[in-house]
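Chain by chain, the residues:
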Amino acid sequence: MARFYGVIQPPLDRLVYRLSHGRTSATAWLAGLPITMLTTTGARTGLPRTTPLLGLPDGEEIILIASNYGRPGHPAWYYNLRADQHATIVIDGQSRDVVAYELHGAERERDYRRGEEVFPGFTRYRRWAADRTIPVLRLRPDVRTPRGEGTAGRPS
């Protein structure tokens, strides 16, 4: 069931997000998980790409785990952030610009375990993706843009 959910969840989240005018997603509504709408610049296309993700708040920062539902490869949004670390997030209708930093070592492990506490599925994903290290990223406020002046209007 978890693998099936990995296929249907992103489009369902995007649909509910649009229908609710950015107020909620299917995952947030059904499971109560903190969903972050992440808009990156496509690494190949240069076009904006919006993806619903489980975002773990940590003060002003957000932790993202690039599990890709335990599939063999990293998710596209991870490669987009590697190509351009600047992005926009929307949480609870609030938009802000962020900069992504990949975590390593003890810091990565600590934040991955935090993700497992919020969503136990990350434990299963780590097992399924045993041939790769699942990246963990921290999104920090982009100091180049004044707070509250994000680019949420960018098309996805």
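In what follows, the structure referred to is the one given above.
Heads up: these notes are all about the structure in this document.

A few points about the overall build of the chain
- Within the chain one finds five helices and seven strands.
- Starting at the N terminus and ending at the C terminus, the chain contains elements arranged as α-α-β-β-β-β-α-β-β-α-α-β.
- Taking contacts inside the chain between residues at least 6 apart in sequence as the whole, the part at least 24 apart equals 65%.
- Of the roughly 8600 Å² of accessible surface on the chain, 55% is carried by carbon and sulfur atoms.

Quick notes on helix α5 (residues 121–128)
- Buried within α5 we find G121, F122 and Y125. All buried residues of α5 lie within an arc of 95 degrees about the axis, which places them on one face of the element.
- Those residues of α5 hidden inside the fold are in contact with β2 (48–54), β4 (61–65) and α4 (105–118).

Quick look at the packing of α4 against α5
- Interaxial distance between α4 and α5 falls to 7 Å at its minimum, and their mutual angle equals 125 degrees. Classed by the angle they form, the pair α4 and α5 counts as oblique. Residues R108, E109, Y112, G115 and E116 of α4 form the contact with α5, whose participating residues are F122, T123, Y125 and R126.
- Considered class by class, the residues forming the contact of α4 with α5 number three nonpolar, two polar and four charged.

Remarks on the environment of R108
- Position of R108 among the secondary structure elements: in helix α4.
- Placed 26 residues apart in sequence, R108 and I134 show a C-alpha to C-alpha distance of 9.5 Å.
- Those residues in contact with R108 that lie beyond four places of it in its chain are L103, R126, T133, I134 and V136.

Side note on the packing of aromatic side chains
- As enumerated under the stated definition, the model contains seven aromatic pairs in all.
- With a centroid separation of 5.9 Å and 50 degrees between ring planes, the pair formed by F119 and Y125 is classed as tilted.
- Here F119 falls in the partly exposed class, since its relative accessible area comes to 23%.
- On the basis of relative accessibility, which here comes to 3%, the residue Y125 falls in the buried class.
- Here Y125 and W128 contribute two aromatic rings whose centre-to-centre distance is 5.8 Å and whose plane-to-plane angle is 45 degrees, an arrangement assigned as tilted. Here Y125 and its partner W128 are both found in helix α5, three residues apart, which amounts to about one turn of the helix.
- Given the relative accessible area of 28%, W128 is considered partly exposed.

What to know about the pattern of salt bridges
- Enumeration according to the criterion identifies ten salt bridges in this entry.
- Between E61 and R140 there is a salt bridge, with the nearest N and O atoms lying 3.0 Å from each other. With E61 in strand β4 and R140 in strand β7 (residues 136–141), this pair connects stretches of sequence that are 79 residues apart.
- Residue R140 is classed as partly exposed on the basis of its relative accessible area of 28%.

Calculation criteria
- Residues numbered from 1 in each chain as written.
- Predicted model: local features only at pLDDT ≥ 70, side-chain atom pairs only at ≥ 80, totals over all residues.
- Heavy atoms only, no water.
- Helix = DSSP H or I, 4+ residues; strand = E, 2+ residues; numbered from the N terminus.
- Contact = heavy atoms within 4.5 Å.
- Areas by Shrake-Rupley, 256 points an atom, 1.4 Å probe, with all protein chains shown as cover.
- Buried < 20%, exposed > 50% of the residue type's maximum accessible area, 1.4 Å probe, protein only.
- Arc of directions from axis to C-beta.
- Axes fitted to C-alpha atoms, helices over the stretch in contact; angles between N-to-C directions.
- Parallel < 35°, antiparallel > 145°, perpendicular 65-115°, else oblique.
- Nonpolar A, V, L, I, M, F, W, Y, C, P; charged D, E, K, R; others polar.
- Phe/Tyr/Trp six-rings, centres within 6.5 Å; stacked < 30°, edge-to-face > 60°.
- Salt bridge = Lys/Arg side-chain N within 4 Å of Asp/Glu carboxyl O.

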